[in-house]
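Chain and residue survey
Residue strings, one per chain:
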Amino acid sequence: MIDFGLVDAIDAEAIGEPGQRIFRIRVVKGDQYAAIWLEKQELAQLGRSLSQLLAEKSDERGQPVDIVNPVGIFPSNPDMDIQALRISIDFDVDTQSVVVNVDDETAMTSMERPSFSMSFSRSQAISLSSIIEVVVAGGRPLCKLCGQVLDIDGKCIGCPGSNGHAKEFLISNSQED
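Bear in mind the structure is a predicted one, so any value in this text is a computation, not a measurement.

Each value, and the rule that gives it
Residues numbered from 1 in each chain as written. Predicted model: local features only at pLDDT ≥ 70, side-chain atom pairs only at ≥ 80, totals over all residues. Heavy atoms only, no water. Salt bridge = Lys/Arg side-chain N within 4 Å of Asp/Glu carboxyl O. Helix = DSSP H or I, 4+ residues; strand = E, 2+ residues; numbered from the N terminus. Buried < 20%, exposed > 50% of the residue type's maximum accessible area, 1.4 Å probe, protein only. Pairing = 2+ DSSP bridges. Right-handed = clockwise from strand over helix to strand, strands pointing away. Expected span 1.5 Å × (residues − 1). Contact = heavy atoms within 4.5 Å.

1. Describing the pattern of salt bridges
For the structure shown, the criterion picks out six salt bridges. Salt-bridge contacts for Glu60 lead to Arg122; the nearest nitrogen and oxygen are separated by 3.8 Å. Of the two residues, Glu60 is situated in the loop between α1 (40-57) and β5 (80-83) and Arg122 in helix α3 (residues 122-137); the sequence distance between them amounts to 62 residues. Connected through shared salt-bridge partners, Asp11, Glu13, Arg24 and Arg26 make up one network.

2. Here we look at the pairing of β5
Only one face of β5 is covered, namely the one carrying Met80 and Ile82; the face carrying Asp81 and Gln83 has none of its residues buried. Here strand β4 (residues 32-38) runs beside β5; their pairing, made up of four bridges, is parallel. Following the sheet pairing, Ala35 is matched in β5 by Asp81. Regarding the hand of the β-α-β motif, the stretch spanning β4, α1 and β5 is left-handed.

3. Examining α3
For α3, with 16 residues, the first-to-last C-alpha span of 23 Å sits near the 22 Å given by 1.5 Å per residue. Of the residues making up α3, those classed as buried are Arg122, Ser123, Gln124, Ala125, Ser127, Leu128, Ser129, Ile132, Val135 and Val136. If you follow the buried residues of α3, they end up packed against β2 (9-15), β3 (22-29), α1, β7 (97-103) and β8 (116-121).

Following this line, the structure appears as structure tokens:
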């Protein structure tokens, strides 16, 4: 297991064009770098889970946050390159920090878990949650009827909001007598 301890900087990013993007969390601890790869839905869930965890467990709810260090220039070949299969998060009340454990395929098939561990401050968690929202929202547009992601051609396949027969329509604000 690799334990980064309390990290210096953390953020999230998407790489690629909408519809073809891949997602990762970037972590910096001293001169070490880690990339944790996730699916878009997993990244979005992590952002929501961080917000919920802080709301439920932090004694500093509603307090101002500290300025967080940016990740800055991130190497194309980080020291750790992990494809996350499972992420667990917890809150350390004594240090007011979030503790994250990541399992990759090796950790899932062996008894050695987690494969990567780190912690970060409440301020870093709030910042990461906000960054995740922006990263996830930066993809393809959503269907106005059902909220599903549109395909590359801008079509919603099998939209439950239109029973699969979506057509363009106008909604009028005027009332007819």
